[in-house]
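Spelled out from the first residue to the last, the chains are:
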Amino acid sequence: MKKIVCNTYEEVCNFGADIFVQQLKKKPDSVLGLATGSTPIDLYSDLVRRAKNGEVDFSKVRTFNLDEYYPIKASHPQSYRAFMEKHLFSKIKVESSNFLNGEASDPHAECAAYDAKVQKAGGIDLQLLGIGVNGHIAFIEPDSSYPLGSYLVELAEETLIANSRFFKEGENQPTSALSMGLSPIFSARHIMMLVTGPNKAPVIKRLFENVIHTDLPASLLHLHPNVTVVVDRAANGE
Ligand code: PGA
């Protein structure tokens, strides 16, 4: 696991966008794993700008998003599908975009079908990740055991609190989600995690103790051969 320290949030996103552009230069029909949350917002606007000025072409790309609330309607403004539409897919053309379906009647069948789709696509070339204050990746919340495949997960208290900022007063915040599991995430040839802000400094400090903490899902990434963690100075505890 490699750590890159940037000065600011903007630099982190710019660095991340450079990695995406390099990936697509090398393999225009890449399979990309995408993330939501506040961290990648500027990364996506940077990529849209670069696509518009012809620096990068997404038209052959297939994407898989990491997670989705469950249950939630795709049309709900806080669904991750709506987030991706707003920040990326309404602005650039891709070959296909894939999501865990927050409206699926059988969440377990939905997860199994999603994993099969990732596998059929040949796995992920570049996987973007964030990290929760509690060390979750995707919605793989701290637990004593972790399913390999994608799964229906009950969101942790810290996650519900952290994400409540996105929901309006009285708006129903889902307490569960469908999350990509470790197998599809670990199928990625390169994993890039972006982390910014002082509230992430404690979890980054713990992540770089270079120990697998069973209650810190992100620490499992130490077992993957190609992980880049891009932090700003604040998340690096400076
Ligand atoms: P954030 O979320 O980018 O909004 O901090 C990251 C995460 O929870 O994985």
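Predicted model only: the values in this text are computed from it and were never measured.

*Asks:* What is the right way to read unusual backbone geometry from this model?
*Replies:* Both trends apply: most residues other than glycine have a negative phi, and most peptide bonds are in trans. Backbone torsion omega between Tyr70 and Pro71 reads -10°, so that peptide bond is classified as cis. Here Pro71 shows up in the loop between β4 (67-70) and α3 (80-89). Backbone geometry at Ala138 places phi at a positive 50°, although glycine is not the residue there. Its location among the elements puts Ala138 in the loop between β6 (126-129) and β7 (151-154). You can call Ala138 buried: its relative accessible area is 8%. Positive phi is not limited to glycine here, since Asn210 has a value of about 55°. Secondary-structure assignment places Asn210 in the loop between α7 (201-207) and β10 (227-232). Residue classification places Asn210 among the exposed positions, given a relative accessible area of 55%.

*Asks:* Please explain the packing of helix α1 (residues 9-26) against helix α2 (residues 41-52) as it appears in this structure.
*Replies:* A pair of packed helices is captured by two measures, namely the crossing angle of their axes and the spacing between those axes. Packing of α1 against α2 leaves a shortest axis separation of 8 Å and a crossing angle of 50°. Taken together, the axis directions place α1 and α2 in an arrangement best described as oblique. The handedness of the crossing between α1 and α2 comes out as right-handed. Along the contact surface, α1 presents Tyr9, Glu10, Cys13, Asn14, Gly16, Ala17, Asp18, Phe20 and Val21, while α2 presents Ile41, Asp42, Leu43, Asp46, Leu47 and Arg50.

*Asks:* Would you take a moment to explain the pattern of salt bridges for this structure?
*Replies:* Side chains bearing opposite charge may pair, as long as their charged atoms lie close to each other. Counted according to the given criterion, the structure contains 8 salt bridges. Residue Arg49 is joined to Asp46 by a salt bridge in which the shortest nitrogen-to-oxygen separation is 2.6 Å. Taken as a pair, Arg49 and Asp46 lie in helix α2 at a separation of 3 residues, close to a single helical turn. Classification of Arg49 by relative accessible area gives partly exposed; the value is 47%. Put simply, Asp215 and Arg206 hold a salt bridge, and the shortest N to O gap is 2.9 Å. When salt bridges that share partners are traced, they join Asp18, Asp46, Arg49, Arg50 and Glu55 into one network.

*Asks:* Hey, could you run me through the nonpolar core in this one?
*Replies:* Ranked by internal contacts, the top residues of the largest apolar core, which has 75 residues, are Phe20, Leu43, Tyr44, Phe58 and Met193. Of all the elements, α1 adds the most residues to this core, at 7 residues. When near neighbours in sequence (up to four residues on either side) are disregarded, Leu43 contacts Cys13, Gly16, Ala17, Phe20, Leu128 and Leu194.

*Asks:* Would you explain the sheet that holds β4 in this entry?
*Replies:* The strands that make up a sheet are held in pairs by hydrogen bonds between backbone atoms, and each pair lies either parallel or antiparallel. Taking strand neighbours across the sheet as the criterion, the 3 strands line up as β4-β8-β7 in an open arrangement whose pairing is antiparallel. Unpaired on one side and paired on the other, β4 and β7 mark the two borders of the sheet. The mean angle between the axes of side-by-side strands here comes to 30°, regardless of whether they run parallel or antiparallel. In terms of strand pairing, β4 meets strand β8 (residues 176-179) through 4 bridges, oriented antiparallel. Of the residues in β8, the one forming a bridge with Tyr70 is Ser176. Against the sheet, helix α4 (residues 107-120) contacts β4, β7 and β8, and its axis sits at roughly 125° relative to β7.

Conventions used here
Per-chain numbering applies: the sequence of each chain, read as written, is numbered from 1 onward. Per-residue local features are limited, in this predicted model, to residues with pLDDT of at least 70; the limit for side-chain atom pairs, both in listing and counting, is 80 or more; totals at the level of whole chains, interfaces and linings are taken over all residues. Note that water and hydrogens are dropped before the side-chain values are worked out from all heavy atoms of the structure. Labels follow the DSSP assignment, with helices taken as runs of H or I lasting at least four residues and strands as runs of E lasting at least two, numbered in each case from the N terminus. For each residue, the accessible area found with a 1.4 Å probe, counting protein chains only, is set against the maximum for its type, and the residue is called buried under 20%, exposed over 50%, and partly exposed in between. Axes here refer to lines fitted to C-alpha atoms; in helices the fit is confined to the stretch in contact. Angles between the N-to-C directions go from 0 to 180 degrees. Each angle receives one of four descriptions, namely roughly parallel if under 35 degrees, roughly antiparallel if over 145, roughly perpendicular if within 65 to 115, and oblique otherwise. Handedness of each helix crossing follows the sense of rotation of the near helix against the far helix: counterclockwise by less than a right angle gives left-handed, clockwise gives right-handed. Should any heavy atoms of two residues lie within 4.5 Å, those residues are counted as being in contact. Each reported salt bridge corresponds to a side-chain nitrogen of Lys or Arg within 4 Å of a carboxyl oxygen of Asp or Glu. Among the buried residues, those of types Ala, Val, Leu, Ile, Met, Phe, Trp, Tyr and Cys that are joined through side-chain atoms within 4.5 Å form a nonpolar core. Two strands make a pair as long as DSSP finds a minimum of two bridges between them.

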